[in-house]
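Residues per chain are reported as follows:
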Amino acid sequence: MRGMWLVLAVAGLSVPAAAQDMGAFTTGPVFEDFGPHAAVEGITQVPAETEFAVAFDVAEPAKEGERNKSVKSAARFINMHVAAGVPEDNIRVAVVVHGKAVLDLLNPEGRTAHELGDNASAAMIREMLDEGVRLIVCGQSATAQGVSQEELIPGVEMALSAMTAFALLQQAGYTVNPF
């Protein structure tokens, strides 16, 4: 058996780890129902003058009945940094959505038109839009999925493509978050 773990390790496969302890994670201060984060020992605050302009890449759709985990990561980024002392006004976040994940941005009529059930991400997306997070749909992916602008949750933007959205965001000073 020990030799098998060695083979797995050499092959670059991970050995099962102990369950994660999520007890130290809390939500808020911006999004109270999602975006959990934890304080990190030795790091009390990020300098208050810090400014972030970050774009998140979302291509993976949510699992049935769940919120989109990659969109939740953008909320976690905001919660984590505001909790660490960065003013919310100093944080600009854009979420660029492409592939089948565009279906997570459909309004109820759009979900019905595409024969999909309730959108578990909808309330989270509306709350993020209300807090100034930009959600941008790849127009190429939307076309491939048969999605029109009218079928999107109000406030969601449509770009020519995800590539175009990222190029324009980078020109506006955004960095792309690799997570």
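A few points on the structure.

1. What about the side chain of Ser141?
Counting through the fold element by element, Ser141 comes out in helix H5 (residues 139-145). When neighbours within four sequence positions are excluded, Ser141 is seen to be in contact with His98, Gly99 and Val102.

2. Some remarks on the nonpolar core
Across soluble globular proteins, nonpolar side chains have a tendency to be buried as a group. In terms of nonpolar packing, the biggest core is built from 35 residues, with Val93, Val95, Met128, Leu135 and Val156 touching the most fellow members. Secondary structure elements with two or more residues in this core: strand S1 (52-58), helix H2 (69-83), strand S2 (91-97), helix H4 (122-130) and strand S3 (134-138). Looking at this core element by element, the count peaks at six residues for H2. Those residues in contact with Met128 that lie beyond four places of it in its chain are Phe31, Phe34, Val71, Ala74, Ala75 and Val133.

3. Points about the pairing of S3
In terms of burial, S3 is largely enclosed, as four of its five residues are buried. Of the pairings in the sheet, the one linking S2 to S3 comprises four bridges and is parallel in character. Along S3, the bridge assignment pairs Ala94 with Arg134. Relative to strand S4 (residues 157-159), S3 runs parallel, the two being bridged by three bridges. Within S4, the position partnered with Ile136 by the bridge is Glu157. For the segment spanning S3, H5 and S4, crossover handedness is right-handed.

4. Notes on the pattern of salt bridges
Where charged atoms from two side chains of opposite charge come close, those side chains can pair. Counted by the stated rule, this structure contains two salt bridges. Ionic pairing is found between Arg67 and Asp33, a salt bridge with its closest N-O pair at 2.5 Å. Residue Arg67 is located in the loop between S1 and H2, and its partner Asp33 is located in the loop between helix H1 (2-10) and S1; the two are separated by 34 residues in the primary sequence. Ionic pairing is found between Glu157 and Arg134, a salt bridge with its closest N-O pair at 2.7 Å. Taken as a pair, Glu157 in strand S4 and Arg134 in strand S3 lie far apart in primary sequence, 23 residues in all. Given a relative accessible area of 32%, Arg134 falls into the partly exposed group.

Parameters at a glance
- Residues numbered from 1 in each chain as written.
- Predicted model: local features only at pLDDT ≥ 70, side-chain atom pairs only at ≥ 80, totals over all residues.
- Heavy atoms only, no water.
- Helix = DSSP H or I, 4+ residues; strand = E, 2+ residues; numbered from the N terminus.
- Contact = heavy atoms within 4.5 Å.
- Core = buried A, V, L, I, M, F, W, Y, C linked by side-chain atoms within 4.5 Å.
- Buried < 20%, exposed > 50% of the residue type's maximum accessible area, 1.4 Å probe, protein only.
- Pairing = 2+ DSSP bridges.
- Right-handed = clockwise from strand over helix to strand, strands pointing away.
- Salt bridge = Lys/Arg side-chain N within 4 Å of Asp/Glu carboxyl O.

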